[in-house]
Amino acid sequence: MATDIPPTVARLRATFASGHTKPAGWRRAQLRRMRRMLVEERPALERALKQDLGKSPVEAHTTEIGFVINEIDHTLRHLSSWLRPKRVGVPMALAPAKARTVREPLGTVLVIAPWNYPVNLSLAPLVGAIAAGNTAVLKPSELSPATSGVLAELLPRYLDNEAVAVVEGGIPESTALLEERFDHIFYTGNSAVARIVMSAAVKHLTPVTLELGGKSPAVVEPGVDLATTARRLAWGKYTNAGQTCVAPDYVLAVGDTADELQRELGAAITEMFGDQPQKSPDFGRIVNERHFERLSALMESGTVAVGGQTDREDLYIAPTVLGDVEADTPVMAEEIFGPILPVIRVPDLDAAIRFVNERDKPLALYAFTDSAETKRRLTTETSSGGMAFGLPIAHLAVPDLPFGGVGESGMGDYHSRASIDTFSNVKSVLDKSLAMDTMRVAYAPINELKEKL
Ligand code: NAD
């Protein structure tokens, strides 16, 4: 409840001030407890994800529960080295002296999570916040209420209640939370709300991480294995029914690749979900009616090459490929965030690069190419949060790759070591002994001899 928020935040601030969360031992113990929760309560979490998004248990594990377990394991393995002070060199003029950087937690942080990967996007940031020694408030999304409820019930049972709190709710609760003073706000969601979050942060000069979305393109060049390309695109696009921030949003089919690619996408969809994907246990559902309506309308933007069926009662939209899509149609005006893949024809790589650069910087850019020169050009001539060649969405599973956006797709990053950086202050420390005052040369009065030095 919104009225409980000020005392909750005050409690967490007091815990942080007591120094309770700073020892590495406390951090490790909390991470181990969260890991135990994910293992012991996997069935409850899977049920909630099924209820909210029709996620299959396998998908729930690989993209959410198992993902966070891996994040915890990697963090526990490397935490000591990440936290170790780093010595740096000292200029001659200051010698003898020592200098080092020391990581310190920021304080009490707020994590606001969205509905599409409600376990992963709640807990992965929390892993970083705890590993860095902070106390934290988690606000899960009201649009995935079953998962929000399970997290609100489980986290207090497993984690230190004096240091971690869950606040459930929607706009009123988020608004009340944003009134409070935090030492960092970590927001994942859409860019309209990101602007509200950032405006609220201004009041207390609170740093923010904004993990947003956008239209992530996939460039397909002639000459590549289109059957493999189609399977990988279909996997990246139709996982979680396309409700993935890094899903390939649209394809830029270079040269004459479009027709065969569309045929191969159809074959890949049948291979993965059968002739009737609505009956497949592996294909998810749209989160709510509002998004169902929005997505159904976007079907009008091109010719349905594959799929196209919808069922409002079931919040089902078939894995769909739209052909002959023009750049100025509604499906190209917003992030699709659903199982609709437009294919746009472009004559050559120059046109593909221009197309990308004329739009907001995406969260990810994908390319399917055998050419090292194409990879080099895309890497240097376009800007995006991340990039992957030959396989969409999986760069998130590489623990040491920081994950985040640029421009409209966000600011700041996280995962593993990058999370420690996000949730810490790197304090610079200079240590010069008083034993021998080598600094006397710098003090006034500056005489001729000193000037020569
Ligand atoms: P959402 O509607 O669940 O909103 C996200 C959070 O913001 C929720 O906790 C919600 O309660 C809160 N919120 C909503 N309105 C608010 C307001 N007026 N004031 C304060 N808080 C408010 O999720 P969404 O925004 O629909 O999420 C989808 C978007 O998130 C897509 O654009 C997607 O690409 C992006 N996304 C990004 C990432 C990433 O890691 N970069 C991951 C997932 C989703």
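Not measured: the values here are computed from a predicted model. (Residues numbered from 1 in each chain as written. Predicted model: local features only at pLDDT ≥ 70, side-chain atom pairs only at ≥ 80, totals over all residues.)

**Some words on the overall build of the chain**
Heads up, the condition is: By the criteria applied, helices consist of DSSP H or I runs no shorter than four residues and strands consist of E runs no shorter than two, each listed in order from the N terminus. Here the radius of gyration uses the C-alpha set of atoms, whereas the globule reference equals 2.2 Å times the residue count to the power 0.38. To sort residues by burial, count the other C-beta atoms lying within 10 Å of each one's C-beta; a count of 20 or more means buried, 12 or fewer means exposed, and anything in between means partly exposed. C-beta atoms are built from the backbone. For every residue pair, C-beta atoms are placed from the backbone, and the pair is scored as a contact if these atoms sit within 7 Å.
What the chain contains, in helices and strands, is 15 helices and 18 strands. Rg of the C-alpha trace for the chain: 25 Å, near the compact-globule value of 22 Å for 453 residues, within the 12% margin. Going through the 453 residues of the chain one by one, you find that 46% of them count as buried. Pairs at least 24 residues apart make up 68% of the contacts formed inside the chain by residues separated by at least 6 positions.

**Concerning the confidence of the model for the chain**
Stated formally: Known as pLDDT, the predictor's per-residue confidence is scaled from 0 to 100.
With 100% of its residues at a pLDDT of at least 70, the chain reaches an overall mean of 96. Predicted as a complex, the structure gets a pTM of 0.96 and an ipTM equal to 0.97.

**Considering the UniProt feature "domain: Aldehyde dehydrogenase" (unreviewed entry) in the chain**
Rule in force here: UniProt positions are given in the numbering used here, feature names are shortened, and annotations may be inferred rather than shown by experiment.
Within the UniProt annotation, "domain: Aldehyde dehydrogenase" (unreviewed entry) is assigned to residues 9-429. In residues 9-429, the share of helix is 43% and the share of strand is 19%. The end C-alpha atoms are 30 Å apart.

**A word on the site of the ligand**
To be explicit about the condition: Each residue gets a C-beta atom placed from its backbone. If that atom is within 6 Å of a molecule or strand, the residue is near it. Only Asp, Glu, Lys and Arg are considered charged, only Ala, Val, Leu, Ile, Met, Phe, Trp, Tyr, Cys and Pro nonpolar, and every remaining residue, Gly among them, polar.
Ser141, Ser174, Gly189, Gly213 and Cys245 are the nearest of the 28 residues found near the ligand. Of all the secondary structure elements, the ones that give two or more residues to the shell around the ligand are α7 (171-179) and α8 (191-204). Considered class by class, the residues forming the shell around the ligand number 13 nonpolar, 11 polar and 4 charged.

**Comments concerning unusual backbone geometry**
A cis amide bond links Ala95 to the next residue, Pro96, at an omega of -5 degrees. Inspection of the secondary structure puts Pro96 in the loop between β1 (86-88) and β2 (98-105). Look at the link from Ala444 to Pro445: it is a cis peptide, with omega at -5 degrees. Counting through the fold element by element, Pro445 comes out in the loop between β18 (424-431) and α15 (448-452). With phi around 55 degrees, Asn240 is a residue other than glycine that occupies positive phi space. Along the polypeptide, Asn240 turns up in the loop between α9 (226-238) and β9 (248-254).

**Focus on the nonpolar core**
Convention followed: Throughout this description, the term nonpolar core refers to a group of buried Ala, Val, Leu, Ile, Met, Phe, Trp, Tyr and Cys residues whose C-beta atoms join them within 7 Å.
Val111, Val127, Val251, Ala253, Leu265 and Val343 are the most contacted members of the largest nonpolar core, which has 122 residues in total. The contacts of Val127, once residues within four sequence positions are left out, are Leu31, Met34, Val68, Glu71, Ile72, Thr75 and Ser419.

**Overview of the sheet that holds β9**
Keep this limit in mind: Strands pair, by our definition, only if DSSP identifies at least two bridges between them. Every axis corresponds to a line fitted to the C-alpha atoms, with the helix fit spanning only the stretch in contact, and the corresponding angles, defined between N-to-C directions, vary from 0 to 180 degrees.
Read across the open sheet, the 7 strands follow the order β10-β13-β14-β9-β8-β15-β16; overall the sheet is mixed. Of all strands in the sheet, those with a lone pairing partner are β10 (303-306) and β16 (386-389), marking the two edges. Ignoring which end each strand starts from, the neighbouring axes of this sheet average 25 degrees apart. Relative to strand β14 (residues 340-346), β9 runs parallel, the two being bridged by 4 bridges. Among the inter-strand pairings, Val254 is bridged to a residue of β14, identified as Val346.

**Comments concerning the UniProt feature "active site" (unreviewed entry) in the chain**
Mapped onto the present numbering, the UniProt feature "active site" (unreviewed entry) falls at Glu211 and Cys245. Despite a sequence span of 35 residues, these residues sit close together in the fold, their greatest C-alpha distance being 9.1 Å. Apart from the residues within four sequence positions on either side, Glu211 is in contact with Tyr187, Thr188, Gly404, Gly405 and Gly410. Note on placement: Cys245 falls in the loop between α9 and β9.

**Remarks on the packing of helix α4 (residues 57-83) against helix α5 (residues 120-131)**
Note the cut-off: With respect to orientation, any angle under 35 degrees is reported as roughly parallel, any angle over 145 as roughly antiparallel, any angle of 65 to 115 as roughly perpendicular, and every other angle as oblique.
Close contact between α4 and α5 brings their axes to 9 Å; oriented N to C, the two are set at 10 degrees. One way to sum up the angle between α4 and α5 is to call them roughly parallel. Here α4 contributes Thr63, Glu64, Phe67, Val68, Glu71, Ile72, Thr75 and Leu79 to the contact with α5, which in turn contributes Asn120, Leu123, Ala124, Val127 and Ala131.

**Some points on the pairing of β16**
Quick reminder of the rule: By convention, orient the strands away from the viewer: a clockwise path from the first strand over the helix to the second makes the crossover right-handed.
Across the two faces of β16 the burial differs, with Gly386 and Ala388 buried and Met387 and Phe389 not buried at all. Note: strand β15 (residues 364-368) against β16, 4 bridges, orientation parallel. Its bridge partner lying in β16, Ala364 is registered against Gly386. You can see the chain leave β15, run along helix α13 (residues 372-381) and come back into β16, and the turn it takes is right-handed.

**Quick word on the sheet that holds strand β6 (residues 184-188)**
Pairing is mixed in the open sheet, where 6 strands are placed in the order β5-β4-β3-β6-β7-β17. Two strands bound the open sheet, and with one partner strand each, they are β5 (164-166) and β17 (410-411). Strand direction decides the pairing type here: β6 and strand β7 (residues 208-211), joined by 4 bridges, are parallel. Note on β7: the bridge partner recorded for Phe186 is Thr209. Contacts between helix α1 (residues 5-17) and the sheet are confined to β3 (108-112), β4 (135-139) and β5, with β4 contributing the most and set at about 155 degrees to the helix. Contacting β3, β6 and β7, α8 crosses the sheet at an angle of about 180 degrees to β7.

**Some words on helix α12 (residues 349-357)**
Applied cut-off: Directions are taken from the helix axis to each C-beta atom, and the arc is the one they span.
Among the residues of α12, Leu349, Ala352 and Val356 are the ones counted as buried. The arc enclosing the buried residues of α12, seen along the axis, measures out at 55 degrees, which places them on a common side. Turned more than 90 degrees off the buried face of α12, the exposed positions are Asp350 and Asn357. Close packing links the buried residues of α12 with β8 (216-220), β9, β14, β15 and α13.

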